[in-house]
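Each chain, written out:
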Amino acid sequence: MKKVLGLLLIAVMMMSLLAGCKQTADNGGKDSGKTNASSNTSGDSKKTDTSSSEPVKLIYVVPGDAPADLERGLKAVNEKLAADGVGVEIELKYYAWDVWDQKLNIMLSTGEEFDMFHVMNDRVSLANYASRGALADLTPYMDQYGSAIKAANPELAMKSGQVGGKQYGIPAYWVESALDHQATIRTDILKKYNLDMPTTFEELTSAFETVMKNWDGAQKPFIPMVGTEQVGGYFFNSDNNYVLYDKMFYVGQDGSVKNYFETDAFKESCKKARIWYEKGLINPDVLTVTQDQMNNQLTNGDWFIHPGTIGDITGMKKSYPDITADDFAWLDFDTTTPEIRPYGTRNMQAVPLSSKHPEAAVKFINWLYSSQENFDLFVYGTEGTDYKKLDDRNYEAITDAASGQVPYSFATWMIGNINFEYTNSTAPKVTNEHLYNIDKTAVEGYASQFTFDGSNVQTQLADVNTQIAAVIAPMACGVVDYDSNIKEALNLLKKAGIDDLVNEFKSQLETSRQQ
């Protein structure tokens, strides 16, 4: 069994695997063997626009909470942008996770003026936004201003930002994407309860029951999960040869395209999730758990196994002062079948159609990827104040003693690039090993260079996603059993138009592969 914590692992890297949708590995990096992409691209950051004495303000909208010293951090960034003659001044607007989707949808639908926002393909896909006519086409600006972006991203990542041949997204190639099949397990907890490393799903279930029964932490260590975002997952099934796209399209390595909810993989996932729910390993209130609540659980350390990767463990030390970066392991029940790389990247930036200066986003990110100095300043902050460099491209965040937070930083999972990132010394070693090293044994997914364009089936997309939240998520979390509910759920999905979507996806995929 290999797909160890996939769409229960949807927090993919969302928190970490950070997805994600959001991963918790917010401040990661690359290994020392990677090549810095700045050697032949630094020219793009210099004097890109000197025609106006006033820089264009770039309003960048992102999810989460702003760092405490945001103003000071951005002041340094904007001074460097001005010195380099980029002609852009950046402003960051943060919106809490529990209002992010709603707020962004309102901004896009009302035509509110802003200039860039973050896209998490495993939460709401780039194609979804493009199908609404909400995005600016960045193709001409990428050609004119984006040479450093192109140099820092492989072709697969660039294609991840395309819909219908147009470049709507600027990829954040921050991590190895062939990671949906594993989980992070706490070895300190295994040792505490005298448990061996599980080698099967059944052994993991037994170990988890022991941990839950004897747990003496502040809160029960339910598997971290936002129930409304679950649609089943790799962790709870033994099918190792598919990728799930847009939470509904099963694409096998043999080229087959199916309604995921009609597959044996979904059935197996639901039945095993039901076992865990009935054994009390899944939060009984999982369908009301928010992203912030899950993030807090991970930070507090009241968990045993997490469907994703873990970043900075500084917060965990408050409850578990003896925990170290060595107290985590990579749980993978199938180490022989190659991992599948679903796409170049899940994370990227897009520009709303309402922006009056769509080129500004390309100029800014091109500047960001033009030199290590630029990248460090925006992502890690000011050296000596927000972070310090260590040996072997490692770094250490400098946290505030009272809050435990870095005064200024920006999440690498949102805008990072593996050519520039440092490895976080306070992250688990297994996180750094797997996130920031390219898996040379991984294979590209059958649809890895394809992005679905849903513009012709917008109504069906909206209706099907409504039904997924209403009738699929409860099964996928184990809240209700599969056998008693699947027939009605499939009927509702078909009435909503899922067959139209599958046919459209399949048609576009085959056309793209013939080009």
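The shown structure was predicted, so the numbers you read here are calculated from the model rather than taken from an experiment. (Residues numbered from 1 in each chain as written. Predicted model: local features only at pLDDT ≥ 70, side-chain atom pairs only at ≥ 80, totals over all residues. Heavy atoms only, no water.)

Visitor: With reference to specific residues and values, describe the overall build of the protein chain.
Guide: The secondary structure content of the protein chain amounts to 17 helices and 18 strands. Split into buried and exposed, the 515 residues of the protein chain put 60% on the buried side. Carbon and sulfur atoms provide 46% of the accessible area of the protein chain, an area that totals close to 19600 Å². (Helix = DSSP H or I, 4+ residues; strand = E, 2+ residues; numbered from the N terminus. Buried < 20%, exposed > 50% of the residue type's maximum accessible area, 1.4 Å probe, protein only. Areas by Shrake-Rupley, 256 points an atom, 1.4 Å probe, with all protein chains shown as cover.)

Visitor: A description of helix α16 (residues 482-496) should follow, citing residues and the corresponding values.
Guide: Compared with the 21 Å implied by 1.5 Å per residue over 15 residues, the 20 Å span of α16 between its first and last C-alpha is a close match. Buried residues along α16 sit against β10 (257-259), α9 (264-278), α15 (458-476) and α17 (498-514). With a side-chain oxygen lying 3.4 Å from the backbone nitrogen of D483, the N-terminal cap of α16 falls on D481. (Expected span 1.5 Å × (residues − 1). Contact = heavy atoms within 4.5 Å. Polar contact = N/O pair within 3.5 Å; in protein donor to acceptor, adjacent residues only side chain to side chain.)

Visitor: Give a description of the sheet that holds strand β12 (residues 328-331) that names residues and reports values.
Guide: Taken together, three strands build an open sheet; the order of strands is β11-β7-β12 and the sheet is antiparallel. The outermost strands of the open sheet, each flanked by one partner alone, are β11 (305-306) and β12. For strand β7 (residues 183-186) and β12, the ladder comprises four bridges, and the chain directions are antiparallel. Of the residues in β12, the one forming a bridge with R186 is F328. (Pairing = 2+ DSSP bridges.)

Visitor: Which residues make up the environment of K247, and what values go with them?
Guide: Considering the arrangement of structural elements, one finds K247 in the loop between β8 (242-245) and β9 (249-252). Taking C-alpha positions, K247 is 8.6 Å from Q230, a pair spaced 17 residues apart along the chain.

Visitor: Can you break down the packing of aromatic side chains residue by residue, with the values?
Guide: Per the counting criterion, the structure on display carries 35 aromatic pairs. Between W97 and W413, the aromatic rings sit 6.0 Å apart at their centres with planes inclined by 25 degrees, giving stacked as the arrangement. Within this pair, whereas W97 is found in the loop between β2 (88-95) and α2 (100-110), its partner W413 is found in helix α13 (residues 412-415), the two being separated by 316 residues in sequence. Taking the relative accessible area as the measure of exposure, W97 reaches 4% and is therefore buried. W413 sits in the buried class, given a relative accessible area of 0%. A network of ring pairs unites the aromatic residues Y369, F375, Y380, Y387, Y395, F420 and Y422 as a single cluster. For R513, the ring lying beneath its charged end belongs to Y446, and the centroid distance is 3.7 Å. (Phe/Tyr/Trp six-rings, centres within 6.5 Å; stacked < 30°, edge-to-face > 60°. Lys NZ or Arg CZ within 6 Å of the ring centre and 35° of its normal.)

Visitor: For unusual backbone geometry, give the residues involved together with the corresponding values.
Guide: Backbone geometry at N194 places phi at a positive 55 degrees, although glycine is not the residue there. Here N194 lies in the loop between α7 (187-192) and α8 (201-214). Given a relative accessible area of 71%, N194 falls into the exposed group. Although it is not a glycine, D246 sits at a positive phi angle of roughly 50 degrees. Residue position: D246 is located in the loop between β8 and β9.

Visitor: Mind laying out α15, listing which residues take part and the relevant values?
Guide: At I468, α15 shows its maximal bend, which comes to roughly 40 degrees. Among all positions in α15, only Q460, L461, V464, Q467, I468, I472, A473, P474, M475 and A476 are buried. Turning to α15, the residues buried within the fold contact α3 (126-131), α9, α16 and α17. Trailing α15 by a residue or two, G478 shows a phi angle of about 85 degrees, which is positive. (Bend = angle between axes of the 7 residues up to and from the residue.)

Visitor: So what about the side chain of Q297? Which residues, and what values?
Guide: Of note, Q297 is situated in helix α10 (residues 291-300). Look at Q297 and you get buried, because its relative accessible area is 13%. Side-chain polar atoms of Q297 contact the backbone oxygen of F222, separated by 2.7 Å. The contact partners of Q297, leaving out residues within four places of it in the chain, are K220, P221, F222, P224, D302 and W303.

Visitor: So what about the pairing of strand β16 (residues 394-397)? Which residues, and what values?
Guide: Taking every second residue as pointing to the same face, the buried face of β16 carries Y395 and A397, while none of N394 and E396 on the other face is buried. With three bridges connecting them, strand β15 (residues 387-389) and β16 associate as antiparallel partners. Residue pairing across strands places K388 opposite E396, the latter belonging to β16. Linking β15 to β16, which pair antiparallel, is a turn of four residues; within it D392 sits at a positive phi near 55 degrees. The sheet contact formed by β16 and strand β17 (residues 423-424) spans two bridges and is parallel. For Y395, the partnering residue across the bridge sits in β17 and is N424.

Visitor: Give me the sheet that holds β9: which residues, what numbers.
Guide: Within a sheet, adjacent strands bond to each other through the backbone by hydrogen bonds, running parallel or antiparallel. On the basis of which strands lie adjacent, the open sheet formed by three strands has the order β8-β9-β10 and antiparallel pairing. Either end of the sheet is taken by a strand with one partner, and the two such strands are β8 and β10. Taking each pair of neighbouring strands and ignoring which way they run, the sheet shows an average axis angle of 30 degrees. Relative to β9, β8 runs antiparallel, the two sharing four bridges. Residue pairing in the sheet places Y245 in a bridge with F249 of β9. (Axes fitted to C-alpha atoms, helices over the stretch in contact; angles between N-to-C directions.)

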